[in-house]
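Each chain, written out:
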Protein chains: 2
Amino acid sequence: MSYQGRLGERRIIEIIIELQEKMRGNPLPFGDDVSAIRLGKGRLAVLKCDMLVGLTDVPSGMSLWQASRKAVVASVSDLAAKGVQPKAILVSLGLPKGLSEGEVREIGSGLNSGAREYSAFVLGGDINESKDLSIDVFAFGICKEKDLVRRDSSRAGDIVAVTGSFGLTGLGLRIIKENLAVPKMLRDEATSAVYMPKARLVEGLALARRHLIDSSIDSSDGLAWSLHELAKAGAVGFEIDRIPIHSGVNGFALESGLDPLDLAFYSGEEYELVVTMRLDNFERAKRAVSSLVAIGRVVSDSGKIILKSDGKVHEIASRGYEHFSENL
Amino acid sequence: MSYQGRLGERRIIEIIIELQEKMRGNPLPFGDDVSAIRLGKGRLAVLKCDMLVGLTDVPSGMSLWQASRKAVVASVSDLAAKGVQPKAILVSLGLPKGLSEGEVREIGSGLNSGAREYSAFVLGGDINESKDLSIDVFAFGICKEKDLVRRDSSRAGDIVAVTGSFGLTGLGLRIIKENLAVPKMLRDEATSAVYMPKARLVEGLALARRHLIDSSIDSSDGLAWSLHELAKAGAVGFEIDRIPIHSGVNGFALESGLDPLDLAFYSGEEYELVVTMRLDNFERAKRAVSSLVAIGRVVSDSGKIILKSDGKVHEIASRGYEHFSENL
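Everything numeric here is computed off the predicted structure, so don't read it as measured data.

Reading guide: rules and limits
- Residues numbered from 1 in each chain as written.
- Chains lettered and ligands numbered in written order.
- Predicted model: local features only at pLDDT ≥ 70, side-chain atom pairs only at ≥ 80, totals over all residues.
- Domains from an automatic or database assignment.
- Nonpolar A, V, L, I, M, F, W, Y, C, P; charged D, E, K, R; others polar.
- Core = buried A, V, L, I, M, F, W, Y, C linked by C-beta atoms within 7 Å.
- Buried ≥ 20, exposed ≤ 12 C-beta atoms within 10 Å, placed from the backbone.
- Contact = placed C-beta atoms within 7 Å.
- Pairing = 2+ DSSP bridges.
- Helix = DSSP H or I, 4+ residues; strand = E, 2+ residues; numbered from the N terminus.
- Axes fitted to C-alpha atoms, helices over the stretch in contact; angles between N-to-C directions.
- Parallel < 35°, antiparallel > 145°, perpendicular 65-115°, else oblique.
- Least-squares fit on C-alpha atoms with pLDDT ≥ 70 in both.

### Structural notes on the domain arrangement of chain A
All names here are of chain A.
Point 1. Segmentation of chain A into domains returns domain 1 (9-147) and domain 2 (159-315).
Point 2. Between the C-alpha centres of domain 1 and domain 2 the distance comes to 22 Å.
Point 3. Residues of the side of domain 1 that touches domain 2, tallied by class, amount to eight nonpolar, seven polar and five charged.

Shown next as C-alpha cells:
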C-alpha cells in the first residue's frame, strides 16, 4: 500500500518514535512537550527543539526579526508549560541565498530578543544554506524532577484552567490571510498576537514551583488539539463549560457571522497554557496567576472532550494544525 | 553598500554572534565546537546543534537512512572533539511533502542507528513540512569542566596530531560528483567514507579523560580549515611536516594526476580529530589511541599554517567549506 503524499504529520511522528530504542528509566515519555534526562540529585536537564519553517510558519507581513523572535518564543512556551526556566538557546539556521546584511541583522537581533525576554541566552548555533528559511531553536533548562509538570498526570475530578483568553490569534491569522475588514484597534491587537506572541513563562513557573497543577500543555497547536493531547496522555476526558474568548473578537465574530468558538478552538500559534489542578488549589493558583480562568473539569471518560454551552452538548473534534496531510 | 548575495557563511555567523548578548561567566566562548553551561559542582552541560540540509549536505547516492545517520554522527563528532559522551539526541526534521512510509522509516531508523552507535538515545524532536530535506540534530552531554578540551588552549611547543589518515572522503566525494574512474575496492572504501562516516568518540574520550591533550577540533570542515580555526582560537601557528594520507588514495592520486594534499586538506566531511598536546604526552596518547599520528608542532607565529615537505615550505590557505559565498 502506498502512503505517498498521504502520510500526516502525526503518523510520521508515530513511525519515527516507534523506531527509536527507548532509554530505560527515561523520566518523560516521548510525546510530552519536552524531553528530559536525569542529572542526579533529583535534577533534570530539560530539552526542547522546535523548528520554524518559512513555508508554513511565517504568515505574510511577519518580519524576519519577528519570525526569529517567534521561533525562540515557541520553544520557551514548551518549557513554560513544564514549569522550567530556559537557560540556554541554540539555533540552527537554514538560510536562503542572497540575504542582505540588514536581513541577517534582523535574524540575529530577533533571536537575541526572544531569548532575553525570558532571561535565557543564545549560546551557539549552526548555519546552512537552504531553499527555504528555517529557524530551529533548541532550548535547555534545568529543574527539580518533582517540580516538572507532566502532560500525563491529569486526575479525574480536577478542574481544567487556562492562562488567558483565546481567539485573538485566530482572528489575526484570518485578517492576514483573508484580508478581513476589522476595526483598526482590534486589527492591530489581533495581528500583534500573531506577529509578537508571548510565552506564559512567568505563569508556568509560578504554578509549577508552588506545586499547584497536576498536568499542563501549551496551546500552540490550537486549544482543541491541546485538550485532546492532554486527555490522551492522562487517559481522561474533559467537560468544558466555558471558554474565555477575547471580548473584542467575540463581539466582532458575532457581528460578522464568524464562529467565535471556531476561532478559539482551532487556531494554533496561541501560546496560552492549559492546566489541570485540584479544585482546592484554584484560589491559590488564581492569586499566583491572575489571568487564570477555570474552563471545566476532568472526567474519567478517556479521550472525550465535551463542550456544554447554552444547554447543548457538543463534542470537540480533535483537529488542529496538520501541515502534511491533505485532509485537515 | 549592498551585500546582497555576497555574504559568506562566516560573515553571517559573525554578524549573528555580534548581536547576541553574552552570558557572564560562560565557560566556552562562541566559536568553539560546542556550547556549554555550568551545572554546579564542576560539571558542565554540553550542547551542540548541527543541521544537515539536503541541498548541500547529501551527496548523490546517499540514502535517507545514511543521511539521517550522518546527521547524528556530525553532532557526535563535535562532542567527541571536546571529550564529551553524548547522552541525548533531539532531532528537528524538515520534510518535503510526499514521503512514503518506507522513506520515513529510513529516516527514523538512521537517526536511531547514529545515536545508538555512540551509546546515545534519541529522546525527542520536532517535524515540519519544508521544501527541502533538513535534519537538525541537537546533542547533549555532561562532563567535568576540567575534562573539557577547548579549542583555544593550544600552547607553543606542543605537537599537533590527528586521529587517522586523510583523503579518502575527498576522493569519495570526487568519485560521486565527477564519476571518477577508480578501482572497485578503493571506490567502495572511498564512497563508504562519504556515506557512512564515523565519529572519533572513543578516541576523543580516551584522550580527554586522561588529560593528554591541550586543544582539539574535528576536521569536518576540512583539515586546512580546522588547523586555521584551532590556530586562530589559540593565537598560535602550526608547522606541519607530514600529513597521513590514506595509502590507496595517495597511490591513485599520483597515478592520475590528482594532488593528494589537496584531497587531504580541503575535503571536509572527514571526521578525524585534530589535537595539540605536550610532547611528553605523545607516547601515552599513542598507547590510548593507536591511530594517532603526529603531524607537526605549535609555534607562536599566530595564524600561520606552514607545510614543510620535500625541503619546500608551503603556506596552507584558509579555505574549506563555504556554501554561501560565490567566491570559494
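That was the structure; now back to the text.
### So, the nonpolar core
Point 1. Counting residues in each nonpolar core, the largest one holds 212 residues, and the members touching the most others are Leu47, Ile89 and Phe138 of chain A together with Leu47, Ile89 and Phe138 of chain B.
Point 2. Sequence-distant contacts of Leu47 of chain A, defined by excluding residues within four places in its chain, comprise Val34, Ser35, Ala36 and Phe140 of chain A together with Ala88, Leu90, Leu123, Gly124, Phe138 and Phe140 of chain B.

### So, the sheet that holds strand β6 (residues 159-162) of chain B
What links the strands of a sheet is backbone hydrogen bonding, and the strands pair in either a parallel or an antiparallel sense.
Residue and element names in this part refer to chain B.
Point 1. Taken together, the seven strands give an open sheet; going across it, the order is β7-β9-β6-β10-β8-β11-β12, and neighbouring strands pair in mixed fashion. In the strand order of this sheet, the two ends are held by β7 (215-218) and β12 (312-315), each with one partner. The sheet shows a mean angle of 25° between the axes of neighbouring strands, direction not considered.
Point 2. Pairing geometry for β6 and strand β9 (residues 273-277), over four bridges, is antiparallel.

### Points about the sheet that holds strand β1 (residues 35-40) of chain A
Residues and elements named next belong to chain A.
Point 1. A sheet is described by the order of its strands in space; here five strands give the open sequence β1-β2-β5-β3-β4, paired in mixed fashion. If you trace the sheet from one side to the other, it starts and ends with β1 and β4 (121-129), each paired once. Going across the sheet, the axis of each strand differs from the next one's by a mean of 20°, ignoring polarity.
Point 2. In this sheet, strand β2 (residues 43-53) lies alongside β1 in antiparallel orientation, the contact comprising five bridges. Along β2, the bridge assignment pairs Ser35 with Leu47.

### Remarks on unusual backbone geometry
Among all residues except glycine, the phi angle is most often negative; among peptide bonds, the trans geometry is most common.
Point 1. Here the phi dihedral of Lys41 of chain A falls at roughly 50°; this positive angle occurs in a residue that is not glycine.
Point 2. Among the structural elements, Lys41 of chain A can be located in the loop between β1 and β2.
Point 3. Unusually for a residue other than glycine, His211 of chain B sits at a positive phi of about 55°.

### Focus: the packing of helix α5 (residues 168-178) of chain A against helix α6 (residues 184-195) of chain A
In a packed pair of helices, the relevant descriptors are the angle between the two axes and the axis-to-axis distance.
Residues and elements named next belong to chain A.
Point 1. Relative orientation of the contacting elements α5 and α6 amounts to 100°, with a least axis distance of 7 Å. For the element pair α5 / α6, the angle class is roughly perpendicular. The residues of α6 that touch α5, namely those facing Leu168, Thr169, Leu171, Gly172, Leu173, Ile175 and Ile176, are Arg187, Glu189, Ala190, Thr191, Ala193 and Val194.
Point 2. Along the lines of polarity and charge, the residues of the contact of α5 with α6 split into eight nonpolar, three polar and two charged.

### A word on the interface of chain A and chain B
Point 1. Contacts between chain A and chain B engage 63 residues on the former and 63 residues on the latter.
Point 2. It is β4 of chain A that provides the largest number of residues to the side of chain A that touches chain B, a total of nine residues.
Point 3. Class assignment of the residues belonging to the side of chain A that touches chain B gives a composition of 30 nonpolar, 20 polar and 13 charged.

### Describing the relation of the copies chain A and chain B
These two copies of the chain differ by a rotation about an axis and a displacement along the same axis.
Point 1. By a simple turn and slide, chain A fits onto chain B: the slide is 0.0 Å along the axis, the RMSD is 0.0 Å, and the turn is 180°. The operation mapping one copy onto its partner corresponds to a two-fold rotation axis.
Point 2. Of the residues that chain A buries at the interface, 100% are likewise interface residues in chain B, meaning the two copies contact each other through the same surface.

### Some details on the pairing of strand β11 (residues 305-309) of chain B
On a regular strand, one side chain projects to one face of the sheet and the next to the other, so that they alternate.
Residue and element names in this part refer to chain B.
Point 1. Judged from the three bridges that link them, strand β8 (residues 237-240) and β11 form a sheet pairing that is parallel. Considered in β11, the bridge of Ile240 is made with Leu307.
Point 2. Taken together, the four bridges between β11 and β12 define a ladder with antiparallel strand orientation. What sits directly across from Ile306, in β12, is Glu315.

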